[in-house]
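Chains, contacts and geometry: an overview
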Amino acid sequence: MELIAKYHVETDLPIKKAAEAIAAEQSTGTWTAVRGADNPLAARVISAEGTDVEIGFPEELFEPGNVPQYLSVVAGNLFGLGSLKKVRLQDVIFPEGLVRAHKGPRFGIEDTRKILGVHDRPLIGTIVKPKVGLDPAGTAAVAAAAVRGGLDLVKDDETLTNQSFCPLIPRLEAVMSALEKVEKETGKKAFYAVNVTTGADQILERAEVAVDHGANMVMIDVLTAGFSALEVLSQHVKVPVHVHRTMHGAFTRDKGHGISMVFISKLVRMTGGTNLHTGSYMGKMALGTEENDLSRDALREVWSGYKRVFPVASGGIYPAKVYGNLDGYGIDCIVQAGGGVHGHPDGTEAGARAMVQAVEAWQKQIPLKEYAKDHKELERALCFWGS
Ligand code: CAP
Ligand code: MG
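Residues numbered from 1 in each chain as written. Chains lettered and ligands numbered in written order. Predicted model: local features only at pLDDT ≥ 70, side-chain atom pairs only at ≥ 80, totals over all residues. Heavy atoms only, no water.

Neighbouring residues of ligand 1: 16 residues in total, closest Lys 131, Arg 245, Lys 284, Ser 314 and Gly 316. With respect to ligand 1, the backbone of Gly 339 contributes an N or O atom lying 2.8 Å from an oxygen atom. Protein contact buries 94% of the 480 Å² of open area that ligand 1 shows by itself. Taken together, the residues that form the shell around ligand 1 break down as three nonpolar, seven polar and six charged. (Near = heavy atom within 4 Å. Polar contact = N/O pair within 3.5 Å; in protein donor to acceptor, adjacent residues only side chain to side chain. Areas by Shrake-Rupley, 256 points an atom, 1.4 Å probe, with all protein chains shown as cover. Nonpolar A, V, L, I, M, F, W, Y, C, P; charged D, E, K, R; others polar.)

If you want it as structure tokens, here you go:
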């Protein structure tokens, strides 16, 4: 069996030559011929036309279970080859032997819905804002207001971890007791994704201590912490894992050079994420719908025995952007707004209600302005931010 890697390549070389250079550099070759050239581990060029290159890597080249090593092969030195002007890893088809070496998500879409008791609509989330600066009590107050307004998920921002102004455990305890109170009063269940991102030597212990202190979901910045850190969490920590993709823009946004979100989505599913930010169809970081479609499908289509993963629409979203994002993602997604909730003129709870109402309008396929006529929080949001 082979692992098949698909690249976009821009080069002054004949494209077949460029493809051979990638195949050699990432398997048995170097810049000059060395003995043993008929090595069975040599990669081969499957096709090379225009700017499209497909390379077949023998499965034996890979150490099953070792995601960092997979990346060193398919996304390693090749990016530095002087003979290539631009190169982007677009997709990877993994052989069954490598897929089976990973368990994938412990909690998938269905498990998360079951815990929440929400089955018939997209989940709605928020990011506590300001990004940083609140103390534990301030964070808890924002989280409680968001859930009182009907949201299913409250998460830390990607830069908040265990800083002195808001230590993780006191923050977690404050938020969880506030959410418990809201649930007692309203019956509304919600997740709080506490950001456990930290060094490889501490991340598992940090997550386990968080769960011991009541965490019902953990969050990881997977590109700064690493895919193997995500896999350690998903395989050892018994709560869903929310995966943020901060730093992705360094290599996903140039369509000619870097690594696609599709490949990152496959790796996150393989290493066990439950929710993954895959970009908004309308929002501040929208990168074009084709990549969203492919990432969305990579997370939810049938793939070996892996559970399905929630794509997360986030980034500059507010009620008027809900329709466009849900048209793209459909019901099995999480639509999230930070500023689009907490910046509502009547505060966080009203901002949450406005997002809930926008999702209801989409479900009923009623135009937002129509629905806003008898939903005042939505009305206020449309007036304030535009429709
Ligand atoms: C959104 C967000 C998320 C972005 C990341 C932020 O806040 O918290 O990190 O969604 O982008 O910090 O910008 P707002 P992506 O809702 O206030 O914009 O989801 O595309 O990875
Ligand atoms: Mg953020």
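Continuing now.
Take the coordination of the magnesium ion (ligand 2) next. Distances from the magnesium ion (ligand 2) to its protein donors, namely Asp 157 (OD) and Glu 158 (OE), fall within the range 1.9 to 2.0 Å. Glu 158 sits in the buried class, given a relative accessible area of 13%. (Donors = N, O, S within 2.8 Å, 3.2 Å for Na, K, Ca; no water. Buried < 20%, exposed > 50% of the residue type's maximum accessible area, 1.4 Å probe, protein only.)

Our next topic: the packing of aromatic side chains. For the structure on display, the rule yields nine aromatic pairs. When the ring of Phe 57 is compared with that of Phe 62, the centres are 6.3 Å apart and the planes differ by 80°; the resulting orientation is edge-to-face. The class of Phe 62 is buried, set by a relative accessible area of 5%. The structure contains a cluster of three or more aromatic residues connected by ring pairs, namely Phe 57, Phe 62, Tyr 70, Phe 94, Phe 263, Trp 303 and Tyr 306. (Phe/Tyr/Trp six-rings, centres within 6.5 Å; stacked < 30°, edge-to-face > 60°.)

It is worth spelling out the pattern of salt bridges at this point. For the structure shown, the criterion picks out 27 salt bridges. Where Asp 156 meets Arg 171, a salt bridge forms, and the shortest distance between an N and an O atom there is 2.9 Å. Here Asp 156, found in the loop between strand S6 (153-155) and helix H6 (168-186), pairs with Arg 171, found in helix H6; they are 15 residues apart in sequence, far enough to count as distant. A relative accessible area of 1% places Asp 156 in the buried class. (Salt bridge = Lys/Arg side-chain N within 4 Å of Asp/Glu carboxyl O. Helix = DSSP H or I, 4+ residues; strand = E, 2+ residues; numbered from the N terminus.)

Moving on, we get to the domain arrangement of the protein chain. Each assigned domain of the protein chain is listed here: domain 1 (2-99) and domain 2 (109-385). Centre-to-centre separation of domain 1 and domain 2, based on C-alpha positions: 35 Å. Between domain 1 and domain 2, the buried area comes to about 1700 Å², and carbon and sulfur atoms account for 60% of it. Where domain 1 touches domain 2, the interface holds three salt bridges. The closest approach of N and O atoms between Glu 291 and Arg 88, which form a salt bridge, is 3.0 Å. In this assembly, domain 1 and domain 2 are joined by 13 residue pairs in polar contact (both at pLDDT 80 or more). The set of elements that each furnish at least two residues to the side of domain 1 that touches domain 2 consists of strand S1 (2-11), helix H2 (67-74), strand S4 (84-93) and helix H3 (96-99). No other element matches the eight residues that S4 contributes to the side of domain 1 that touches domain 2. (Domains from an automatic or database assignment. Buried area = accessible area lost by both parts, 1.4 Å probe.)

The next point concerns the environment of Gly 249. Tracing the backbone through its elements, the reader meets Gly 249 in helix H10 (residues 249-252). A C-alpha to C-alpha distance of 32 Å links Gly 249 and Glu 349, two positions 100 residues apart in sequence.

Moving on, we come to the environment of His 257. Positionally, His 257 belongs in the loop between H10 and strand S10 (258-259). In this structure, the C-alpha to C-alpha distance between His 257 and Ala 42, residues 215 residues apart in sequence, is 25 Å. Look past the residues within four positions of His 257 in its chain and what remains in contact with it is Phe 79, Lys 86, Val 87, Arg 88 and Phe 251. Within polar-contact distance, the side chain of His 257 engages the backbone nitrogen of Val 87 at 3.1 Å. (Contact = heavy atoms within 4.5 Å.)

This part takes up the side chain of Thr 112. By the element assignment, Thr 112 lies in helix H4 (residues 109-116). Using a relative accessible area of 1% as the deciding quantity, one classes Thr 112 as buried. Beyond its immediate stretch of four places on either side in the chain, Thr 112 contacts Leu 123, Phe 191, Thr 274 and Phe 310.

Here we come to the pairing of strand S5 (residues 123-127). In terms of burial, S5 is largely enclosed, as five of its five residues are buried. Here S5 shows no split at all, with Leu 123, Gly 125 and Ile 127 on one side and Ile 124 and Thr 126 on the other all buried. In terms of strand pairing, S5 meets S6 through three bridges, oriented parallel. Along S6, the bridge assignment pairs Gly 125 with Leu 153. (Pairing = 2+ DSSP bridges.)

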